[in-house]
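Observations on chain architecture
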There are 2 protein chains.
Amino acid sequence: MALRYALLGLLTKGEATGYELNQRFKETMIHFWKAHHTQIYRELGKMEQEQLVSSHVIHQVEYPDKKLYKLEKQGQHLLLQWMMNMNVAQPTLKDDLLLKASLFHLIPKDVALSYLQKAKEQHLFGVGLMNEWRTTHFPGNEFSSADLGEYLTSEFGRRYMQHWIDWCDWAMAIIESEKNKESIERKQE
Amino acid sequence: MALRYALLGLLTKGEATGYELNQRFKETMIHFWKAHHTQIYRELGKMEQEQLVSSHVIHQVEYPDKKLYKLEKQGQHLLLQWMMNMNVAQPTLKDDLLLKASLFHLIPKDVALSYLQKAKEQHLFGVGLMNEWRTTHFPGNEFSSADLGEYLTSEFGRRYMQHWIDWCDWAMAIIESEKNKESIERKQE
DNA sequence: TTTCTCATGTAAAGGGTTACATGATTTA
DNA sequence: TAAATCATGTAACCCTTTACATGAGAAA
């Protein structure tokens, strides 16, 4: 049900095609929501039937035709109602790496370490991208009032990735020290 | 597909009923995976058909009968294969509050602040519970080698909640300073 | 020559949530 | 008296993912 609020929310910033909404999703909502393009097109179709949004086709010569979606009054009303009602659904997270990490006792320590090293590198890369994105979008940490939300949640994303990096470092240190304990025990035998 | 690995993983620590697995899920995997009891029973049934696990019924007098599940060789093999193959699925996160936060420009600043205050309190409570849990399970930060994974991921959970608290504080400060700017602008008019 | 961008979608399968069902015992 | 604990599950629905389909132009 919440996918529609995400889409309505993006449409408050202006008309857009399904394609563009998919891109904006990837750019600004990646840190707390994911949606496939197939899902986006279907939800837009449903919302048009319910008259929350409307669309008109734009013919293009060199490219395929596109369908511009626009937020309608009913859609805006529904969105604001949701924003104001103070109910917050439980978050859901599914993280394969953490699931594997919870079972690290089943595999050799060096394999565990390489999982963590890889995860750390990916998040380091992510922080780099995010810092670039933020300096182009919010130079000098300045933001327009319409960008308040994006400013806040992109900082959440940046901090989340940093938290991952720090945890990976901590976890790798723990595993290294366990490795050392083992080798000392072997020597004492 | 990954739910079954989570269940197989829990079963490496000993035989358990669907009911117990649901509880262990809530206790130790809450920070990176969630599953309904209906889903757990269904998956256990499927895995029994595929001979990854086996079960036998225990009759009880005062309580309903229960079905104890046991990890079979094929299940253990499948789990280890998954642990060793180094492919990690993309994590998926759906967070209602962050979605709302990304749209904070649409609502009054005081409503936004109360969302953040509530979230902060919930995570403060969570950190408290987690600290208790860790001091009973890992007194003096000592853990047995079979608990390595749990030790690592519970620390992830603790840090994640702390990251939330810190972000809420930061975000509330930003919104407060925006409120101040507005009231100064009003005075100058 | 392969991949990427643009742009939209359908169909099928898989995974997750909600509602319902049972029923004794214990705790608030 | 209401709710929680113990214990299992089915059925229906909803949401998400994957595979497939089209087809031109541009960049690597």
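These figures come from a predicted structure and were not determined experimentally.

This paragraph deals with the packing of aromatic side chains. Applying the stated criterion across every chain yields a total of 21 aromatic pairs over all chains. Ring plane angle 90° and centroid distance 5.1 Å describe the contact between W167 of chain A and F156 of chain B, whose orientation is recorded as edge-to-face. Taken as a pair, W167 of chain A in helix 7 (residues 148–188) and F156 of chain B in helix 7 (residues 148–188) lie in two separate chains rather than in one. On the basis of relative accessible area, W167 of chain A is assigned to the buried category, the value being 0%. Ring geometry for F143 of chain B versus Y151 of chain B: centroids 4.2 Å apart, planes at 20°, classification stacked. Both residues of the pair, F143 of chain B and Y151 of chain B, count as buried. Ring-pair connections join several aromatic residues into one group, and the members of that group are F156, Y160, W164 and W167 of chain A together with F156, Y160, W164 and W167 of chain B. Here the guanidinium or amino end of K100 of chain A rests over the ring plane of W82 of chain B, the centre of that ring lying 4.8 Å away.

Quick look at the UniProt feature "domain: Transcription regulator PadR N-terminal" (unreviewed entry) in chain A now. As recorded in UniProt, the sites labelled "domain: Transcription regulator PadR N-terminal" (unreviewed entry) are residues 7–79 of chain A. Along residues 7–79 of chain A one finds 51% helix and 16% strand; the C-alpha atoms at either end are 10 Å apart.

So, on to the domain arrangement of chain A. Residue and element names in this part refer to chain A. By domain assignment, chain A separates into domain 1 (2–84) and domain 2 (96–188). On a C-alpha basis, the centres of domain 1 and domain 2 stand 32 Å from each other. Counting residues at the interface gives five residues for domain 1 and nine residues for domain 2. Summing the contributions of domain 1 and of domain 2, the shared interface buries around 570 Å²; its carbon and sulfur component is 55%. Between domain 1 and domain 2 we count two salt bridges in total. For the salt bridge of D147 with K13, the shortest nitrogen-to-oxygen distance reads 3.2 Å. On inspection of domain 1 and its partner domain 2, the count reaches five residue pairs in polar contact (both at pLDDT 80 or more). Partitioning the side of domain 1 that touches domain 2 into residue classes produces one nonpolar, two polar and two charged.

Reading guide: rules and limits
- Residues numbered from 1 in each chain as written.
- Chains lettered and ligands numbered in written order.
- Predicted model: local features only at pLDDT ≥ 70, side-chain atom pairs only at ≥ 80, totals over all residues.
- Heavy atoms only, no water.
- Phe/Tyr/Trp six-rings, centres within 6.5 Å; stacked < 30°, edge-to-face > 60°.
- Helix = DSSP H or I, 4+ residues; strand = E, 2+ residues; numbered from the N terminus.
- Buried < 20%, exposed > 50% of the residue type's maximum accessible area, 1.4 Å probe, protein only.
- Lys NZ or Arg CZ within 6 Å of the ring centre and 35° of its normal.
- UniProt positions renumbered as here; feature names shortened; annotations may be inferred.
- Domains from an automatic or database assignment.
- Contact = heavy atoms within 4.5 Å.
- Buried area = accessible area lost by both parts, 1.4 Å probe.
- Salt bridge = Lys/Arg side-chain N within 4 Å of Asp/Glu carboxyl O.
- Polar contact = N/O pair within 3.5 Å; in protein donor to acceptor, adjacent residues only side chain to side chain.
- Nonpolar A, V, L, I, M, F, W, Y, C, P; charged D, E, K, R; others polar.

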